[in-house]
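Observations on the three-dimensional arrangement
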Amino acid sequence: MKTFLAGSVFFASICCLWGMQFVLESPQRTYQEEETVLLNLTIINDSAQVESYIIEFLQPREKNWMFIGNLHKLEIKDIPEMKNFTNHMPPEPKPHSPQTNKNYKPVVLNPGESYKILIPFFYEYYPVKLPATFNVQLKWLDAVSNPVSFTVLPTKGTKKQDNIIVNGDFSEGEGKIPYGWKILDDRTFWDSSEKFLMYNVDRPTAESEGYWAYSIFHEVSSPSDYVLSVKTKTSGPIIIIFVEGWGMVEGRRRRIERNECFYHQAPDQTWKTQIRNVTFKNPAVKWMRLKLYVYGCPGKVWFSNLSMVPVKK
């Protein structure tokens, strides 16, 4: 058995090294700002012997997401802001690799077998203006893939009056996705007619990492004060809205400030409008996003009529 480090190429173009083939695909040519870009990598063993491959995984490994930024590198052409791309976001857990976990096991393939893995392309952690077309190559040792090309379009959602949140009333969207919001789990339901976002949280999730959705990023100035208003109801889970302030750190967007807005509410599934004051104090904050987070108990949570309005001085 031989051990290699995995690499990749695009669509029908195949890189063959030491009995390996790597095929990289973009499932879509065009993405909306609300969508998460996940590139598909297939590793194929076309040799006559068993092969073993070292792949660094993003945590949690159950998602089968590949870490980029160490053994494997993505080159994004014509976008200097993404020269040193990585899809790891500290302080999240470090990538799962032989260096970080003594129980790490490589991917083992018999002749003719293949292995599929996803590469999350978190362009939003870089100061890129949309629309943007990304021409991406994966580099591994001396191997370079053919380019993967795809375009990300800005949200079609709108802001209303002084509300800085796009589509805060959940009235706009298409398919299952409301404009201006990143839905990370298919247990989230957007009701376009009743204009709400609903979570269905199971017990293992509620009692472990919890559950959330993000707004897209919005430009803000700091220091500054805002009034956050939201309409919620719950059948049990505890609600927190994190108002995150982001700035530039070593060439990337990083969270550098956070307001934690707790909502203690009776689990009677009755709508309640709640108002909080939020403040950004760090002058390095240039963007903000909302994290609609729930935890603690299984059940359902509803969000509607979100607004974040600057306090006029």
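Cut-offs and rules
- Residues numbered from 1 in each chain as written.
- Predicted model: local features only at pLDDT ≥ 70, side-chain atom pairs only at ≥ 80, totals over all residues.
- Heavy atoms only, no water.
- 1 Å grid on protein atoms, 1.4 Å probe; cavity = no way out; pocket = protein on both sides within 12 Å on 5 of 7 lines; lining within 4 Å.
- Points joined across faces, edges and corners; volume = space filled by probe spheres on them.
- Helix = DSSP H or I, 4+ residues; strand = E, 2+ residues; numbered from the N terminus.
- Nonpolar A, V, L, I, M, F, W, Y, C, P; charged D, E, K, R; others polar.
- Pairing = 2+ DSSP bridges.
- Axes fitted to C-alpha atoms, helices over the stretch in contact; angles between N-to-C directions.
- Polar contact = N/O pair within 3.5 Å; in protein donor to acceptor, adjacent residues only side chain to side chain.
- Contact = heavy atoms within 4.5 Å.
- Salt bridge = Lys/Arg side-chain N within 4 Å of Asp/Glu carboxyl O.
- Buried < 20%, exposed > 50% of the residue type's maximum accessible area, 1.4 Å probe, protein only.
- Core = buried A, V, L, I, M, F, W, Y, C linked by side-chain atoms within 4.5 Å.

A separate point is the layout of surface pockets. Quantified by volume, the largest pocket comes out at close to 1,400 Å³. Along its surface, the largest pocket is lined by 41 residues, and Lys63, Trp65, Leu184, Trp212 and Tyr214 are the ones closest to its centre. Contributions of two or more residues to the lining of the largest pocket are made by strand 18 (211-215), strand 21 (238-249), strand 22 (252-263) and strand 24 (287-295). Of the residues in the lining of the largest pocket, the class split is 19 nonpolar, six polar and 16 charged. In this structure, the second largest pocket is lined by 16 residues; those nearest its centre are Glu33, Val128, Leu130, Phe217 and Arg253. In terms of residue class, the lining of the second largest pocket is built from nine nonpolar, one polar and six charged.

Here we have five strands laid out as an open sheet, ordered 16-17-25-20-23, and antiparallel in their pairing. Looking at strand neighbours, the two that pair on one side only are strand 16 (188-191) and strand 23 (272-280), the edges of this open sheet. Here the average twist between neighbouring strands, direction ignored, is 30°. Looking at chain direction, strand 16 and strand 17 (residues 196-201) are connected through four bridges and run antiparallel. For Phe189, the partnering residue across the bridge sits in strand 17 and is Met198.

Turning next to the side chain of Thr86. Along the polypeptide, Thr86 turns up in the loop between strand 7 (73-77) and strand 8 (107-109). At 2.8 Å, the side chain of Thr86 and the backbone oxygen of Ile68 are in polar contact. In this view, Thr86 contacts Phe67, Ile68, Gly69, Tyr126 and Arg252; residues no more than four positions away in its chain are not counted.

The next point concerns unusual backbone geometry. A cis geometry characterises the amide bond from Gln59 onward to Pro60, with omega recorded as -5°. Between Leu130 and Pro131 the backbone carries a cis peptide bond, its omega angle lying at 5°. Mapped onto the fold, Pro131 is located in the loop between strand 9 (114-120) and strand 10 (132-140). Even without being glycine, Asn64 reaches a positive phi, approximately 60°. Tracing the chain through its elements places Asn64 in the loop between strand 6 (51-54) and strand 7.

This part covers the pattern of salt bridges. Tallying each qualifying case throughout the model produces eleven salt bridges. A salt bridge links Glu75 to Lys139, with the shortest nitrogen-to-oxygen separation between them at 3.0 Å. With Glu75 in strand 7 and Lys139 in strand 10, this pair connects stretches of sequence that are 64 residues apart. Taking the shortest distance from any N to any O, the salt bridge between Glu260 and Arg258 comes out at 2.9 Å. Residue Glu260 is classed as partly exposed on the basis of its relative accessible area of 42%. The class for Arg258 is partly exposed, based on a relative accessible area of 34%. Each of Asp185, Arg187 and Asp202 takes part in salt bridges that share partners, so that together they form one network.

In strand 12 (residues 148-153), alternate side chains face the same way, and those of Val148, Phe150 and Val152 are buried while those of Ser149, Thr151 and Leu153 on the opposite face are not. Where strand 4 (residues 30-32) lies against strand 12, three bridges are found, and the strand directions are parallel. Along strand 12, the bridge assignment pairs Thr30 with Thr151. Direction of pairing for strand 10 relative to strand 12: antiparallel, over a ladder of five bridges. Opposite Asn135, over in strand 12, you have Ser149 as the bridge partner.

Right, let's talk about the nonpolar core for a bit. By size, the foremost hydrophobic cluster in this structure holds 46 residues, and its most contacted members are Leu74, Ile76, Met82, Ile119, Phe121, Phe134 and Phe150. Looking at which element gives the most residues to this core, the answer is strand 10, with five residues. Setting aside anything within four residues of it in sequence, one finds Phe150 in contact with Ser26, Gln28, Arg29, Tyr31, Val37, Leu39, Phe121, Ala132, Thr133, Phe134 and Val136. In terms of nonpolar packing, the next biggest core, distinct from the first, is built from 31 residues, Ile165, Trp190, Val220 and Val301 among them.

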